[in-house]
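The residues making up each chain are set out below.
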Amino acid sequence: MKYINAKTVLPPWLVRELQRYLQGGYLYIPADQSRPKRWGEVSGYRQELQQRNRQIQQAYRKGASVEQLAGEYCLSVHTIHKIIYHK
């Protein structure tokens, strides 16, 4: 989890109000359960995998073999097939 300076995201009046209760410490603010994030959205890993999968699909369309891609990306042949044929 990445820490964010409250002054960069909250209005000054709210920072002053929070400082009445906690100064110089860490405050955990739980996520709104009515708007849950999907796996990998917070860390950005979902986007990294999508980009990797697009690269694999493009390389395959340009003539790379499934075996080459499996070796290059350290994935199984089965996984490469799933990525290539995923719509």
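Residues numbered from 1 in each chain as written. Predicted model: local features only at pLDDT ≥ 70, side-chain atom pairs only at ≥ 80, totals over all residues. Heavy atoms only, no water.

Asks: Please clarify how helix H3 (residues 45-61) should be interpreted in this entry.
Replies: Residues spaced three or four apart along an α-helix point in a common direction, a consequence of the helix completing one turn every 3.6 residues. Over its 17 residues, H3 runs 24 Å from end to end, which matches the ideal 24 Å to within 8%, given 1.5 Å per residue. Count one or two residues on from H3 and you reach Gly63, which has phi positive near 115 degrees. (Helix = DSSP H or I, 4+ residues; strand = E, 2+ residues; numbered from the N terminus. Expected span 1.5 Å × (residues − 1).)

Asks: What am I meant to see in helix H4 (residues 66-73) here?
Replies: Those residues of H4 not exposed but buried are Val66, Leu69 and Ala70. Axial view of H4: buried residues confined to an arc of 100 degrees, hence all on one face. Residues of H4 that are exposed and point more than 90 degrees away from the buried face comprise Glu67, Gly71 and Glu72. If you follow the buried residues of H4, they end up packed against H3 and helix H5 (77-85). Cys74 sits one or two positions beyond H4 and adopts a positive phi of about 55 degrees. (Buried < 20%, exposed > 50% of the residue type's maximum accessible area, 1.4 Å probe, protein only. Arc of directions from axis to C-beta. Contact = heavy atoms within 4.5 Å.)

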